[in-house]
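Chain by chain, the residues:
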Amino acid sequence: MQLLDGKLTAEKIKARIAAEVKTTMLDAGKNTPHLAAVLVGEDPASQTYVASKEKDCKEVGFISSVYKYEESISQRKLLEVIRFLNEDPEVDGFIVQLPLPKHIDERAIIESIDPAKDVDGFHPVNVGRMVLNMPSYLPATPYGIVTLLEEYGIGTEGKHCVVLGRSNIVGTPVSILLSRKNKTGNATVTLCHSYTPDIKAVAASADILIVAMGKQGFVTADMVKKDAVVVDVGIHRIPSTETKTGYRLIGDVKFDEVAKKCSFITPVPGGIGPMTRVSLLLNTLRAAKKEIQY
Ligand code: GUN
């Protein structure tokens, strides 16, 4: 078994991005890439995610800014903020951290973002372009998954990929990416969800198993074919007496037993998490270079 080291791979990609920012962008007199984030309320997980994005930007030499608002902000005011960011020529791309408070219609907010600045790839225009194999921003986690496979030379062509979980931000888009006609696709994909009969048998037929169910320790060794590639997108905090923080992180896969049977596996932490973060930087770089014509 070999680890698919997302942390190491993300560091390598960040070094490439930093070098590109330094040479081609700054030396050529172009603007430094600028990522903005909109954060509403006090959700601790959202605060952590946004703080990580700021740290990542700093590491590669991007500008980052955060627009923070109280939980009580109205939808109208939030739409105004987005209009401002859409029009600000200094901002290359931005994200609105989710989830939003219940009184705000998340769809309406996402649809108000200029697709050319939607570096999360959540706008229906970007989702549609992804489905049609047109240039678009790819959602960060699916993008991170296909990049990690590619960096390890794990081809997807002709493979049977089984995806567990059909969320809008992971399962559904990664199933599309893997089945598209291009170098990180060309797989036969089965997308499993709560209505799939005998999910265990389907999982056990996978050459590449992508697990994004949000159920800790769901995948056991009997659900994995010998020498399969296993990608664990789950992340859960569980209490631990062995760490200073009092908790540790685990995924949707029972790592110890599955690792003995598969050829490659992502650890949690240090697998898909860092790849997701670096994918947002890659999208921001593309935005700064105005690579995609809308
Ligand atoms: N909340 C959880 N994941 C994400 C993400 O990728 N983007 C945004 N905007 N919010 C999130």
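Quick look at the structure, then. (Residues numbered from 1 in each chain as written. Predicted model: local features only at pLDDT ≥ 70, side-chain atom pairs only at ≥ 80, totals over all residues. Heavy atoms only, no water.)

1. Some words on the site of the ligand
As a reminder, the rule being used: Near residues are defined by distance, with any heavy atom within 4 Å of the molecule or strand qualifying the residue. Side-chain atoms alone can form a polar contact between residues adjacent in sequence; in general such a contact is a pair of N or O atoms within 3.5 Å, and within protein one must be able to donate a hydrogen while the other accepts it. Exposure was quantified through the Shrake-Rupley algorithm and a 1.4 Å probe, taking into account, for residues, occlusion by the shown protein chains and nothing else. Residue classes follow a fixed rule: Ala, Val, Leu, Ile, Met, Phe, Trp, Tyr, Cys and Pro count as nonpolar, while Asp, Glu, Lys and Arg count as charged, and any other residue, Gly among them, counts as polar.
Looking at the ligand, the residues that line it are Ile 95, Val 96, Gln 97, Leu 98, Asp 120 and Phe 122. The separation between a nitrogen atom of the ligand and a polar main-chain atom of Val 96 is 2.8 Å. Computed on the free molecule, the ligand has an accessible area of 280 Å², of which 79% lies beneath the protein chains in the complex. Looking at the shell around the ligand residue by residue, the classes come out as 4 nonpolar, 1 polar and 1 charged.

2. Some words on empty space enclosed by the protein
Where empty space is left becomes clear once a probe the size of a water molecule has been rolled over the atoms. What counts here: The method works on a 1 Å grid over the protein atoms by themselves. A cavity is a set of points holding a 1.4 Å probe that cannot get out, a pocket is an open set with protein on both sides within 12 Å along at least five of seven lines, and residues with an atom within 4 Å of a point line them. Grid points are joined across faces, edges and corners, and a volume is the space filled by probe spheres set on the points. We count a stretch as a helix when DSSP gives it H or I for four or more residues in a row; a strand needs E for two or more, and each element gets its number in order from the N terminus.
Under the defined criterion, the tally for this structure stands at 2 cavities of 30 Å³ or more. For the largest cavity, the calculated volume is near 60 Å³. As for the largest cavity, its lining consists of Phe 94, Ile 95, Val 96, Leu 98, Ile 110, Ile 113, Asp 118, Asp 120 and Phe 122. The leading source of residues in the lining of the largest cavity is strand E4 (residues 93-96), at 3 residues. Classifying every residue of the lining of the largest cavity by side-chain character gives 7 nonpolar, no polar and 2 charged. A volume near 40 Å³ is recorded for the second largest cavity. Taken together, Leu 35, Ala 36, Ala 37, Val 50, Lys 53, Glu 54, Ser 64, Ser 65 and Val 66 make up the full set of residues lining the second largest cavity. At the level of secondary structure, the elements contributing two or more residues to the lining of the second largest cavity comprise strand E2 (34-40), helix H2 (44-60) and strand E3 (63-69).

3. Some words on helix H7 (residues 171-179)
Because each turn of an α-helix spans 3.6 residues, side chains separated by three or four positions in sequence point in the same direction. This is how the line gets drawn: Per-residue accessibility, obtained with a 1.4 Å probe over protein chains only, is compared with the maximum for each type, and a residue is labelled buried under 20%, exposed over 50%, and partly exposed between these values. Any two residues whose heavy atoms approach within 4.5 Å at even a single point are treated as in contact.
Buried residues of H7: Gly 171, Pro 173, Val 174, Ser 175, Leu 177 and Leu 178, and no others. Next to the buried residues of H7 lie helix H5 (124-131), helix H6 (140-151), strand E5 (160-164), strand E6 (188-192) and strand E7 (208-211).

4. Brief notes about the packing of aromatic side chains
Worth spelling out the cut-off: Aromatic contacts are taken between Phe, Tyr and Trp rings whose centres are within 6.5 Å, Trp giving its six-membered ring; a plane angle under 30 degrees counts as stacked, one over 60 as edge-to-face, and the others as tilted. Either the NZ atom of lysine or the CZ atom of arginine qualifies as a charge over a ring when it sits within 6 Å of the ring centre and within 35 degrees of the ring normal.
Following the criterion strictly, the structure yields 3 aromatic pairs and no others. Ring centres 6.5 Å apart and planes at 70 degrees place the aromatic pair Tyr 152 and Phe 264 in the edge-to-face group. One end of the pair, Tyr 152, is in the loop between H6 and E5; the other, Phe 264, is in strand E11 (residues 264-265), and 112 residues separate them in sequence. One cation-aromatic arrangement involves Arg 129 over Tyr 294; the distance from NZ or CZ to the ring centre is 4.5 Å. Of note, Arg 237 hangs over the ring of Tyr 247, and the distance from its end group to the ring centre comes to 3.9 Å.

5. With respect to the side chain of Asp 92
Which entries qualify depends on this criterion: The charge count includes Lys and Arg as positive and Asp and Glu as negative, but it does not include His or the ends of the chains. One speaks of a salt bridge when a side-chain nitrogen belonging to Lys or Arg is within 4 Å of a carboxyl oxygen belonging to Asp or Glu.
As for its placement among the helices and strands, Asp 92 is situated in the loop between helix H3 (75-87) and E4. For the buried Asp 92, no salt bridge exists, and the shortest N-O distance to an oppositely charged side chain is 4.1 Å, to Lys 290. A polar side-chain atom of Asp 92 sits 2.8 Å from the main-chain amide nitrogen of His 34. Leaving out residues up to four positions away in the same chain, Asp 92 has contacts with Thr 32, Pro 33, His 34, Ala 116, Lys 117, Ala 287, Ala 288 and Lys 290.

6. Quick notes on a negative patch on the surface
To keep things clear, this is the line we draw: A patch consists of residues whose relative accessible area exceeds 30% and which take part in no salt bridge; residues with like charges are grouped when within 9 Å of each other, and nonpolar side chains (Val, Leu, Ile, Met, Phe, Trp, Tyr) when within 5 Å. The location of each charge is read from NZ of Lys, CZ of Arg, CG of Asp or CD of Glu.
On the surface, Glu 42, Asp 43, Glu 70 and Glu 71 cluster together to form a negatively charged patch. Summarising the element assignment, Glu 71 is placed in the loop between E3 and H3. Judged by its relative accessible area of 47%, Glu 71 is partly exposed.

7. Comments concerning the pairing of E6
Here is the rule: Any two strands with at least two DSSP-identified bridges between them are counted as paired. With the strands pointing away from the viewer, any crossover whose connection runs clockwise from the first strand over the helix to the second is right-handed.
Alignment of E5 against E6, held across 5 bridges, turns out to be parallel. Considered in E6, the bridge of Cys 161 is made with Val 189. Tracing the backbone out of E5, into H7 and back to the parallel element E6 gives a crossover that is right-handed.

8. Points about the sheet that holds E4
Two orientations exist for strands paired in a sheet by backbone hydrogen bonds: parallel and antiparallel. The condition is simple: Simply put, an axis is a line fit to the C-alpha atoms, just over the touching stretch for a helix, and the angle between two N-to-C directions goes from 0 to 180 degrees.
The parallel open sheet is built from 3 strands, whose spatial order is E3-E2-E4. Where the open sheet ends on each side, the last strands, each with one partner, are E3 and E4. Neighbour to neighbour, the strand axes of the sheet diverge by 15 degrees on average, direction disregarded. As paired elements, E2 and E3 share 7 bridges and run parallel to each other. Across the sheet, residue Val 40 finds its bridge partner in E3, namely Tyr 69. In the packing of H3 onto the sheet, contacts are made with E2, E3 and E4, and the angle to E2 comes to roughly 180 degrees.

9. Details of the layout of surface pockets
What the second largest pocket holds in volume is close to 320 Å³. Tyr 143, Thr 147, Glu 150, Lys 183 and Thr 184 are, among the 17 residues lining the second largest pocket, the residues nearest its centre. The dominant element in the lining of the second largest pocket, judged by the number of residues it contributes, is H6, at 5 residues. Among the residues forming the lining of the second largest pocket, the class breakdown is 7 nonpolar, 4 polar and 6 charged.

10. A word on the packing of H2 against helix H10 (residues 272-288)
Rules: Relative orientations are named as follows: roughly parallel for angles under 35 degrees, roughly antiparallel for angles over 145 degrees, roughly perpendicular for angles from 65 to 115 degrees, and oblique for any other angle. Helix crossings are classified by the rotation of the near helix relative to the far one: an anticlockwise turn of less than a right angle makes the crossing left-handed, while a clockwise turn makes it right-handed.
Direction vectors running N to C along H2 and H10 enclose 60 degrees, while the axes themselves pass 10 Å from each other. By the angle class used here, H2 and H10 are oblique. For H2 against H10, the interelement crossing comes out right-handed. Between H2 and H10, the contacting residues are Ser 52, Lys 53, Lys 55, Asp 56, Cys 57 and Val 60 on the first element and Arg 277, Leu 280 and Leu 281 on the second.

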